[in-house]
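# A closer look at the structure
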Amino acid sequence: MLLQFTVKNYMSIKEKQILSLEPSADKEHPENIIIQNQFKAQNFSAIYGANASGKTSLFKAMTMALIIIRTSNARQLNIPIPVVPFKFTDDCEKIPSEFEFTFIASDHKKYIYGFSATAEKVTEEYLYRYDTYQPKMVFERSASRSPEYEISRAEKKNLSPLVRMNTPNKLFLATATNWNAEATKVPYTWLSECIDTFTNSDELINYSMGKYAQENGAYIDFAKKLLHQADINISDIKVEQQENVTVQNPALNGVIIDNRIIPAVPQKTMKITTSHTVEDENHQEHQYSLLFQEESLGTQQLFFLAPMLKDTFDNGKVLFIDELDRSLHPFIVRFLVNLFRNADINKNGAQLIFTTHDTTLLSLSRMRRDQINFVEKDAKTGATVLYSLDDFSVRKTDNIEKGYLNGRYGAVPYPLTEEII
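Residues numbered from 1 in each chain as written. Predicted model: local features only at pLDDT ≥ 70, side-chain atom pairs only at ≥ 80, totals over all residues. Heavy atoms only, no water.

## Describing the sheet that holds strand S1 (residues 2-8)
A sheet is described by the order of its strands in space; here seven strands give the open sequence S2-S1-S6-S7-S8-S9-S10, paired in antiparallel fashion. Sheet topology places strand S2 (17-20) and strand S10 (149-151) at the edges, where each strand pairs with a single neighbour. Recorded for the sheet is a direction-independent mean angle of 10° between the axes of neighbouring strands. As paired strands, strand S9 (residues 135-142) and S10 are joined by three bridges and run antiparallel to one another. Along S10, the bridge assignment pairs Glu140 with Glu150. Sheet contacts for helix H4 (residues 182-193): S1, strand S6 (97-104), strand S7 (110-117), strand S8 (122-130) and S9; angle to S6, the most-contacted strand, approximately 100°. (Pairing = 2+ DSSP bridges. Helix = DSSP H or I, 4+ residues; strand = E, 2+ residues; numbered from the N terminus. Axes fitted to C-alpha atoms, helices over the stretch in contact; angles between N-to-C directions. Contact = heavy atoms within 4.5 Å.)

Below, the structure written as structure tokens:
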């Protein structure tokens, strides 16, 4: 369960920005709150903002932080850390990017894990665990002090010998876990396996097709149910794997190494067909098939979202989707969000964080104030600012959608009215 993500100096984000999923004291909509032991979090959170305001930067910050964590053990000594600092000032390129996660892991304990890094090295790193209501340090690391690492007394025997296994461009959390350190295994596993982020269609398609390629059919069954519940008239879906390699000139289809032709590896393609049941004028039913590419973009989008949703619900994951409403009707977006509000479906505490331009969701009849977030870019500095509707004095009877479109909360574009010459 994710409680908070913090980022500083990454892409359009200059100063520290905090995305919080911890509920405020607001008692509205208890169905929108997950409770695990004494911890609480929102089961979904929406982010609004104008184009080029930094919504995608926030999601890419989350994605890159996870990539740095998950690929740390494979990073060779001369490989740079893939951070992208804020570029609209001269000093930010010289200072580290910062990332921090606050979460509840599989042992039902609260953790805070963060790191700062330049392309050359990790400058700071820390892990805290809550065994009680107070955080206890597991380890701290700072490149600006000597010794660089500080290990808690309880973990010194197990973690101190692993310091020499680490390198300046690797995260100690990953290195220690790779050497079977119990103190880091649970938080590292959660960060490695329990958050999925999708910022473009290619990522979504590749992920989904990999799931559909599995032989058990569970993902296809889920997709059919999802499409049916979304009022899309598809009675069946078939996914077939086909090997599709034609070798006419081996030199053009393979790779030449040491004057030897390495034959091409057969590439598998996926053929997807959908079945539609329709009635004729005599009320007789007939089955017709369509190639998947003949379906609407909205149908395709739901089909690709289905495996991700199934995994998220089955495993209680945190799901970040940039532009959830892409090609989808507002009613379908509302339908997807409501899946996370439904305790009979969301049995394992899954969470959805998404960006959208669908303002029809902006209603306090279904959302809490703290679940509505806005992203705005300062026109003078080019820096992104993230804030919540909870920062405003809003009454229960206020029309949030109207207020947002009228610019009351900011985070909207102001296009010029002059004609384009």
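Right, picking up where we left off after that structure.
## With respect to the pattern of salt bridges
With the rule as written, the count across this model stands at 19 salt bridges. For Arg141, the salt bridge is made with Glu125, and the minimal N-O distance between the two is 2.8 Å. Of the two residues, Arg141 is situated in strand S9 and Glu125 in strand S8; the sequence distance between them amounts to 16 residues. For Arg141, a relative accessible area of 3% corresponds to the buried category. Note on Glu125: relative accessible area 1%, which makes it buried. Bridged by salt links that share partners, the residues Lys109, Arg129 and Asp131 form one connected network. (Salt bridge = Lys/Arg side-chain N within 4 Å of Asp/Glu carboxyl O. Buried < 20%, exposed > 50% of the residue type's maximum accessible area, 1.4 Å probe, protein only.)

## Concerning empty space enclosed by the protein
This model, assessed by the stated rule, comprises one cavity of 30 Å³ or more. Every element with two or more residues in the lining of the largest cavity is listed here: helix H5 (201-212) and helix H8 (297-315). It is H8 that contributes the most residues to the lining of the largest cavity, three residues altogether. A per-class count over the lining of the largest cavity returns five nonpolar, four polar and two charged. (1 Å grid on protein atoms, 1.4 Å probe; cavity = no way out; pocket = protein on both sides within 12 Å on 5 of 7 lines; lining within 4 Å. Points joined across faces, edges and corners; volume = space filled by probe spheres on them. Nonpolar A, V, L, I, M, F, W, Y, C, P; charged D, E, K, R; others polar.)

## Some details on the nonpolar core
Judged by nonpolar contacts, the single largest core of 54 residues is most densely connected at Leu302, Leu305 and Leu336. Residues contacting Leu305, with those up to four places away along its chain left out, are Leu204, Ile321, Leu324, Leu328 and Leu336. One finds Leu19, Met62, Leu171 and Tyr188 within the second-largest nonpolar core, a separate group that totals 52 residues. (Core = buried A, V, L, I, M, F, W, Y, C linked by side-chain atoms within 4.5 Å.)

## Notes on H4
Taking 1.5 Å of rise per residue, twelve residues should cover 16 Å, and H4 covers 17 Å from first to last C-alpha, within 8% of that figure. Here H4 has its buried residues at Ala183, Thr184, Pro187, Tyr188, Trp190, Leu191 and Ser192. (Expected span 1.5 Å × (residues − 1).)

## A few points about the packing of aromatic side chains
The final tally for this structure, using the stated rule, is 23 aromatic pairs. With centroids separated by 5.6 Å and ring planes inclined at 40°, the aromatic side chains of Tyr126 and Tyr128 adopt a geometry described as tilted. Overall, Tyr128 belongs to the partly exposed group, its relative accessible area being 22%. Their ring planes at 50° and their centres at 4.8 Å tell us that Phe292 and Phe303 sit as a pair that is tilted. One end of the pair, Phe292, is in the loop between strand S16 (285-291) and H8; the other, Phe303, is in helix H8, and eleven residues separate them in sequence. Neither Phe292 nor Phe303 differs from the other in exposure class; each is buried. In this structure an aromatic cluster arises from ring pairing among Tyr48, Phe374, Tyr387, Phe392, Tyr404 and Tyr409. (Phe/Tyr/Trp six-rings, centres within 6.5 Å; stacked < 30°, edge-to-face > 60°.)

## Let's talk about the sheet that holds strand S19 (residues 372-377)
Spatial strand order, S11-S17-S18-S5-S19-S20: six strands in an open sheet with mixed pairing. Strands with a single pairing partner mark the edges of an open sheet, and in this sheet they are strand S11 (195-198) and strand S20 (384-388). Taken over all neighbouring pairs, the strand axes of this sheet differ in orientation by 15° on average, direction set aside. Sheet contacts for H8: S11, strand S17 (318-321) and strand S18 (351-355); angle to S17, the most-contacted strand, approximately 155°.

## Side note on the confidence of the model for the protein
Here the protein averages 91 in pLDDT, and 93% of its residues register 70 or above. Under a pLDDT of 50 for its full length, residues 247-253 has, in the predicted model, seven contacts with residues more than four places off or in other chains. (pLDDT = per-residue confidence, 0-100.)

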